[in-house]
Amino acid sequence: MTPEEYLEGQVLLIDKPLKWSSFQAVNKLKYLLINKVGLPKKFKIGHAGTLDPLATGLLLICTGKFTKKISELQGQAKEYTGTFYIGATTPSYDLETEIDQTFPTDHINEDLIHETVKQFLGEIDQKPPIFSAIKKDGVRLYEHARAGESIEIESRKTTIHEFEITRIALPEVDFRVVCSKGTYIRSLAYDFGKAMNSGSHLTVLRRTKIGEYDVKNAIDITLFEESFK
């Protein structure tokens, strides 16, 4: 594409690698577009919805005039796939922190797992993880968490449109979820374990869709870089 096309506006579908932050991915593309395409240093670029470093998958990166579409894109339903580990929790609800508690799992079977799914369909109340970027009293929650501070987190409404179990191999359970903006899959993992009188944390997460955009049509950042060589 020409510099003019990027400035007029593009939505780039990127398959974010594991351990990259969304900010790193945007910065990498910005560097490439400035140095390989010749865009001005102050051109507009941004992503439509953060993915945690431990998650992979679809990241929509908007350029030029299409940065005005970011809030609209962020509001669209998102699809995720991944894995819950049943029988243990972590403070971050994922693999960012070590296991802090273990729970019995002898009572958990396929019927209980599928029945529990039904509790989470539709509008639900969900508390964001303490290890998240949401601000409380002007400070991000993860900063409170890393300082060892105990803080009350208010629940918020979110909607689970679809929730299906795709594999059961305890202690692992694979899932597919379609949800509204603001849903924390880490919190869903934690709450899912709790609803079964056990514990759970997220070990794998991949975003597969945002609205009509599909990760199948996304490009890996390294391949995007190689396309300029």
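Reading the values: rules and limits
- Residues numbered from 1 in each chain as written.
- Predicted model: local features only at pLDDT ≥ 70, side-chain atom pairs only at ≥ 80, totals over all residues.
- Heavy atoms only, no water.
- Salt bridge = Lys/Arg side-chain N within 4 Å of Asp/Glu carboxyl O.
- Helix = DSSP H or I, 4+ residues; strand = E, 2+ residues; numbered from the N terminus.
- Buried < 20%, exposed > 50% of the residue type's maximum accessible area, 1.4 Å probe, protein only.
- Patch = residues over 30% accessible without salt bridge, like charges linked within 9 Å, V, L, I, M, F, W, Y side chains within 5 Å.
- Areas by Shrake-Rupley, 256 points an atom, 1.4 Å probe, with all protein chains shown as cover.

Caption draft 1: Layout of the pattern of salt bridges. Applying the stated criterion to the full structure yields twelve salt bridges. Here Asp-125 and Lys-157 are joined by a salt bridge, their closest N and O atoms 3.1 Å apart. Of the two residues, Asp-125 is situated in strand E7 (residues 122-126) and Lys-157 in strand E10 (residues 156-169); the sequence distance between them amounts to 32 residues. For Arg-176, the salt bridge identified is with Glu-164, shortest N-O distance 2.6 Å. With Arg-176 in strand E11 (residues 172-179) and Glu-164 in strand E10, this residue pair connects regions lying twelve residues apart in the sequence. Taking relative accessible area as the criterion, Glu-164 reaches 35% and is therefore assigned partly exposed. Each member of the salt-bridge network shares a partner with another, and the members are Glu-79, Glu-162, Glu-164 and Arg-176.

Caption draft 2: Inspection of a nonpolar patch on the surface at higher detail. Side chains of Leu-18, Leu-54 and Leu-95 sit close together on the surface and give an oily, nonpolar patch of about 260 Å² of accessible area. Residue Leu-18 is classed as partly exposed on the basis of its relative accessible area of 47%.

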